[in-house]
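Here's the letter readout for the chains.
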Amino acid sequence: MLNFLAKRLAQLIPTLFFVSLLIFSLQHLLPGDPALVMAGEERDPAVIAQIRAQYHLDQPSPLQYAYWVKGVLMGDFGESLRSKMPVLALIAQKLPVTMQIAGMAIVIAFLIGIPAGIISAVKKGTAWDYGANLFALWGISTPNFWLGIMLIFLFSVELGWLPASGYVPPAENWRASLAASIMPAFVLGNAIAAILMRHTRSAMLQVLESDYVRTARAKGLSERTVILKHAMRNALTPIITLGALELGTLLSGAVLTEQIFSIPGFGKLIVDAVFNRDYAVVQGVVLTTATIYITLNLIADIAYILVNPRLRG
């Protein structure tokens, strides 16, 4: 296990280096000049020159990259060209909001998708199977914006049970935070649950046809033990990968859902930064997202070994 972790951690350094290089290169392909944007309508040449010097925009691209990487390694992601706030402070402010929504969404997805997939595989060809597949088709086909609007209409406008929009930090009021987060979390989790259901069903059908499952049944083990202890454990490997990737997607910002429910999360931050040509924020957010994906993949690999000890070799 330790050797495995050491190898994977050693791979993170070159991966993050190439990711940072790609982020910096693609960012500078965006049209427009951030110095002109910051200078305002008057665009005084002295002000523009001062801005270029302050943010190293007057330096060659390799030097700009070196300045940026040096700052990142020291925990300084730069300063937002628009708000003048440190990028790291903006990320620290917005990321927990999306993390809460994404965490709730992935829990909802697992609680619905995995049991539905298992039942569909075990009850193949029955009404349970058709019902689970119908749910998956509905979840994949339903647009998030439509489902979000319908939930707001039902639970906020008609019933008055939940707030229509906004966000409340858990530290401020956890009940109000849960009430404000449950609808956007369900909207996001609904689609992922459908995908998880389909993958779980496919994996379980494969495992249930394997020799060791037939052997377990031949030994006289109960069907419940065969399914939960033997079949499900071995079918979880692809589900872990999918769950990690979907969580990474959610953390990178569910832009449309955040817009519908007026949630000041990570997605809104990156969209605003791109439209405002706020280079430092875009670079910081994308690098953070890439790091999250890489970390989640590492966690998924560790989970493989914990679920299936045979992979330790």
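Coordinates for the structure precede this section.
Residues numbered from 1 in each chain as written. Predicted model: local features only at pLDDT ≥ 70, side-chain atom pairs only at ≥ 80, totals over all residues. Heavy atoms only, no water.

## As for the overall build of the chain
(1) Moving on: When helices and strands are counted, the chain shows 13 helices and zero strands.
(2) Moving on: Along the three orthogonal principal directions, the C-alpha set of the chain runs to about 85 × 55 × 35 Å.
(3) Moving on: Taking all 313 residues of the chain together, 40% fall into the buried category.
(4) Moving on: Restricting the contact set of the chain to residue pairs at least 6 apart, pairs at least 24 apart contribute 72%.
(5) Moving on: By element, 67% of the accessible surface of the chain is carried by carbon and sulfur atoms, the whole surface being about 16,900 Å².
(6) Moving on: Within the chain, one finds 23 positive and 18 negative side-chain charges whose respective centroids are separated by 16 Å. (Helix = DSSP H or I, 4+ residues; strand = E, 2+ residues; numbered from the N terminus. Buried < 20%, exposed > 50% of the residue type's maximum accessible area, 1.4 Å probe, protein only. Contact = heavy atoms within 4.5 Å. Areas by Shrake-Rupley, 256 points an atom, 1.4 Å probe, with all protein chains shown as cover. Lys, Arg positive; Asp, Glu negative; His and termini not counted. Charge placed at Lys NZ, Arg CZ, Asp CG, Glu CD.)

## A word on the packing of aromatic side chains
Think of a pair of aromatic rings as described by two things: how far the centres are apart, and how the planes are tilted against each other in angle.
(1) Moving on: A complete count under the given rule lists three aromatic pairs for this structure.
(2) Moving on: Considering the side-chain rings of Phe17 and Phe18, the 5.3 Å spacing of their centres and the 65 degrees angle between planes classify their relative orientation as edge-to-face.
(3) Moving on: Taking relative accessible area as the criterion, Phe17 reaches 42% and is therefore assigned partly exposed.
(4) Moving on: Take Phe18: its relative accessible area is 55%, and that puts it in the exposed class.
(5) Moving on: Ring geometry for Tyr65 and Trp68: centres 6.2 Å apart, planes at 55 degrees, overall tilted. Here Tyr65 pairs with Trp68, and both are found in helix H4 (residues 61-73), just three residues apart, close to one helical turn. As far as burial versus exposure is concerned, Tyr65 and Trp68 are alike and both buried. (Phe/Tyr/Trp six-rings, centres within 6.5 Å; stacked < 30°, edge-to-face > 60°.)

## Focus: the side chain of Thr142
(1) Moving on: Looking at the secondary structure, you find Thr142 in the loop between helix H6 (127-141) and helix H7 (144-158).
(2) Moving on: One polar contact links the side chain of Thr142 to the main-chain carbonyl oxygen of Trp138, over a distance of 2.5 Å. (Polar contact = N/O pair within 3.5 Å; in protein donor to acceptor, adjacent residues only side chain to side chain.)

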